[in-house]
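Observations on the model geometry
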Amino acid sequence: MKKAKLFIFALLLSISTGAIACTTAVISGRVTNNGRPLIWKLRDTEEYDNHMRRFESPLGHYIGLVNDSDTLGLAVWGGHNSLGFAIMNSASFNVNVGYEGDVENQEGVIMKRALAECRTLTDFEHLLNTLPRPMGLAAHFGVIDAEGGAAFYEVNNETWTKFDANESDTGYIIRTNYSFIGTPDMGYGYVRFRTATNLFKQVMSGNFSVELIGSCFSRSMYNSQLEVDFKVRAEKEIVRYIDSDDLICRFGTSSMILVEGIKAGEDPLNTTSWVQIGNPYLSPLVPVWTDAEIPIALQKPNGNVTIASKAKELKLQLYPIRTIEQERYLYMPLVVRTDGKGLLQLLQELEAEYIPRIQERRSRKLQAELIQRGCQLQNNVIMEKL
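Summary of the structure given here. No experiment lies behind these values; they were computed from the predicted model shown. (Residues numbered from 1 in each chain as written. Predicted model: local features only at pLDDT ≥ 70, side-chain atom pairs only at ≥ 80, totals over all residues. Heavy atoms only, no water.)

Some words on the overall build of the protein
Rule in force here: Working definition: helices are DSSP H or I runs of at least four residues, strands are E runs of at least two. Numbering for both runs from the N terminus. Radius of gyration here uses only the C-alpha atoms, and the compact-globule reference equals 2.2 Å multiplied by the residue count raised to the power 0.38. To sort residues, take the accessible area from a 1.4 Å probe on protein chains only and compare it with the maximum for the residue type: under 20% means buried, over 50% means exposed, and anything in between is partly exposed. It only takes one pair of heavy atoms within 4.5 Å for two residues to be counted as in contact. Computed by Shrake-Rupley with a 1.4 Å probe, the accessible areas treat only the displayed protein chains as cover when residues are assessed.
Along its length, the protein carries nine helices and 17 strands. Taking 21 Å as the expected radius of gyration for a compact globule of 386 residues, we find that the protein reaches 20 Å, a close match to that expectation. Here the C-alpha coordinates of the protein stretch approximately 55 × 50 × 45 Å along the principal axes. Per-residue burial for the protein yields a buried fraction of 60% across its 386 residues. Restricting to contacts in the protein with at least 6 residues of sequence separation, those with at least 24 account for 66%. Accessible surface, the protein as shown: approximately 15,800 Å² in total, 53% of it carbon and sulfur.

Points about the sheet that holds strand 5 (residues 79–81)
Worth spelling out the cut-off: Strand pairing is assigned whenever DSSP detects at least two bridges linking the two strands. Note on method: axes are straight lines fitted to C-alpha atoms, helices fitted across the in-contact stretch only, with angles between N-to-C directions ranging 0 to 180 degrees.
Taken in spatial order, the seven strands line up as 3-4-5-6-7-8-9 in an open sheet, and their pairing is antiparallel. Of all strands in the sheet, those bounded by a partner on one side alone are strand 3 (50–57) and strand 9 (160–164). Strand-to-strand, the axes of this sheet are offset by a mean angle of 20°, without reference to chain direction. Bridge analysis of strand 5 against strand 6 (residues 86–91) gives two bridges, and the strand direction is antiparallel. In the strand pairing of strand 6, His80 is matched with Ala86.

Focus on the pattern of salt bridges
To keep things clear, this is the line we draw: Salt bridge criterion: a side-chain nitrogen from Lys or Arg within 4 Å of a carboxyl oxygen from Asp or Glu.
This model, assessed by the stated rule, comprises 17 salt bridges. A salt bridge links Arg113 to Glu117, with the nearest nitrogen and oxygen atoms 3.1 Å apart. With Arg113 and Glu117 both in helix 2 (residues 107–117) and four residues apart, the pair spans about one turn of that helix. Taking the relative accessible area as the measure of exposure, Arg113 reaches 37% and is therefore partly exposed. For Glu117, a relative accessible area of 43% puts it in the partly exposed group. With a shortest N-O distance of 2.8 Å, Arg364 and Asp291 are connected by a salt bridge. Here the residue Arg364 occupies a position in helix 9 (residues 364–384), and Asp291 occupies one in the loop between strand 16 (286–288) and helix 7 (307–318), the gap between them amounting to 73 residues.

Here we look at the nonpolar core
The cut-off we apply is this: Residues enter a nonpolar core if they are buried and are Ala, Val, Leu, Ile, Met, Phe, Trp, Tyr or Cys, with the set joined through side-chain atoms within 4.5 Å.
Within the largest apolar cluster, 60 residues are counted, with the highest numbers of intra-cluster contacts made by Trp40, Phe200, Met221, Tyr281 and Val335. Of the residues forming this core, the biggest block, eight residues, is contributed by helix 8 (residues 343–361). The contact partners of Val335, leaving out residues within four places of it in the chain, are Met221, Tyr281, Leu282, Leu318, Leu330, Gly342, Leu343, Leu344 and Gln345. Ile39, Val66, Trp77 and Ala151 belong to the second-largest nonpolar core, a separate cluster that totals 52 residues.

Thoughts on the packing of helix 8 against helix 9
As a reminder, the rule being used: By definition in this entry, angles of less than 35 degrees are roughly parallel, angles greater than 145 are roughly antiparallel, angles of 65 to 115 are roughly perpendicular, and the rest are oblique. Amino acid classes used here: Ala, Val, Leu, Ile, Met, Phe, Trp, Tyr, Cys and Pro are nonpolar; Asp, Glu, Lys and Arg are charged; the rest, including Gly, are polar.
Viewed as axis vectors pointing N to C, helix 8 and helix 9 meet at an angle of 175°, and their least axial separation amounts to 10 Å. In terms of their interaxial angle, helix 8 and helix 9 are classed as roughly antiparallel. Contacts between helix 8 and helix 9 involve Leu343, Leu346, Leu347, Leu350, Glu353, Tyr354, Arg357, Ile358 and Arg361 on the former and, on the latter, Leu366, Gln367, Glu369, Leu370, Arg373, Gly374, Leu377, Gln378 and Val381. A breakdown of the residues in the contact of helix 8 with helix 9 according to their chemical character gives 10 nonpolar, three polar and five charged.

Regarding unusual backbone geometry
Looking along the chain, the bond that leaves Arg133 and enters Pro134 is cis, with omega of -5°. Structurally, Pro134 is set in the loop between helix 3 (121–130) and strand 7 (139–144). Backbone geometry places Asn105, a non-glycine residue, at a positive phi of 60°.

Structural notes on helix 7
This is how the line gets drawn: Each residue after the first adds 1.5 Å to the expected span of a helix. It is the directions from the helix axis to the C-beta atoms that the arc portrays.
If you check helix 7, its first and last C-alpha atoms are 16 Å apart, about what 12 residues at 1.5 Å a residue would give, namely 16 Å. Buried within helix 7 we find Ile307, Ala308, Lys310, Ala311, Leu314, Lys315, Gln317 and Leu318. Axial view of helix 7: buried residues confined to an arc of 150°, hence all on one face. For helix 7, the secondary structure elements touched by its buried residues are strand 3, strand 15 (272–277), strand 16, strand 17 (329–331), helix 8 and helix 9.

Points about the sheet that holds strand 1 (residues 21–27)
Taken in spatial order, the six strands line up as 10-1-2-14-15-16 in an open sheet, and their pairing is antiparallel. Across the chains shown, the open sheet's two edge strands, defined by having one partner strand only, are strand 10 (172–175) and strand 16. Recorded for the sheet is a direction-independent mean angle of 15° between the axes of neighbouring strands. With three bridges connecting them, strand 15 and strand 16 associate as antiparallel partners. Bridge pairing in strand 16 links Ser273 to Val288.

Details of the packing of aromatic side chains
Here is the rule we go by: Between 30 and 60 degrees the pair is tilted, below 30 it is stacked and above 60 it is edge-to-face, where a pair is any two Phe, Tyr or Trp rings, Trp via its six-membered ring, whose centres lie within 6.5 Å. In this analysis the charged atom, NZ for Lys or CZ for Arg, is taken to sit over a ring once it is within 6 Å of the ring centre and within 35 degrees of the ring normal.
For the coordinates displayed, the defined rule picks out 18 aromatic pairs. Measuring from ring centre to ring centre gives 3.9 Å for Tyr178 and Tyr190, while their planes differ by 10°; the resulting arrangement is stacked. With Tyr178 in the loop between strand 10 and helix 4 (190–201) and Tyr190 in helix 4, the pair connects residues that are 12 residues apart, well separated along the chain. Among the aromatic residues, those joined into a cluster by ring pairs are Trp40, Tyr172, Phe200, Phe208 and Phe217. Here the guanidinium or amino end of Lys112 rests over the ring plane of Phe55, the centre of that ring lying 3.7 Å away. Sitting above the plane of the Phe251 ring, Lys315 keeps its charged end 4.0 Å from the centroid.

A short note on the environment of Asp291
Keep this limit in mind: N or O atoms closer than or at 3.5 Å make up a polar contact, with two conditions inside protein: a donor-capable atom paired with an acceptor-capable one, and, for residues adjacent in sequence, both atoms drawn from side chains.
A residue is classified by how much of its surface remains accessible, and Asp291, at 32% relative accessible area, is partly exposed. Residues Asp291 and His61, spaced 230 residues apart in sequence, show a C-alpha to C-alpha distance of 7.3 Å. Apart from the residues lying within four places of it in its own chain, the contact partners of Asp291 are Arg54, Leu269, Arg362 and Arg364. There is a polar contact of 2.9 Å between the side chain of Asp291 and the side chain of Arg362. In terms of polar contacts, Asp291 uses its side chain to reach the side chain of Arg364, at 2.8 Å.

Here it is, written out as structure tokens:
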């Protein structure tokens, strides 16, 4: 029994190290195009292989983003449940400074528990209040619920601080990998934070949407430090390589999850996790709901071909340099071309066709069509070997 407990503890530690750096946002329903709140997470991690999984709980079902290596599904890195509660996170690297204990990296475990137990933001706050200290947390948790709640929680080992998107002047809150309540000038993602902030500032209140955030911003090639948008440049002239290190989507981006909540009076089952499993430049944006099984194309491969396995193959073409520089230099003609036939461009065209119809009908048939056509676009590029 003791050996079994030690094994589970070691496994928890190993699967809890999956959030290295992320770009995230919580968006109030008062500034979206349909009144529904959004939480957005671009997941940067060394766990490049992810999938979606559906779980049962006393509250019904919940779905979440899980590492392929986590065979027991002990941690979730973003998702929602059948009561309309949704959560995601980004790691914070300027809290718990000087802590030398061994209780850490519990973010994925806590998010799984929250999805299984929580209905509202108040429930999540109660969970945080009752966790033993130190909590093993250094993160920002973005949360929405079916009652219109939308907030970020900056959390460390001992305390938490709430930032309410509904009360914010802009109607949204952005976080990367440093806490506003943490030690100044430490942490990561300052350029990414400025990039996301600049992108969001361009959007008029009432115009934030699934298509804008999930299809466009998740694949942004704008660098705020250099003040250049490489996608715009590559649409006008041939660009071969760019340094993608400080982009929102980069080599370490393994997936994206954008949870679209509900507005007052809607069925919580309409809550939708829009996901890109695999690097967003290479993967279609697909909706997932709690009252249906996860499509095979979004599950763990287990010998079958999935969206993620195709994206992994394509990533060898997107980052073709086989030296230490591989993680920096992205081959642009694969995803953005002057003729509009780059994979990123084709995926955006496809999603623009399907997103509004799926939002209106929550149709499994349209979901299946979107997956089939997205996979075909991936196949075409794999066969071309640009």
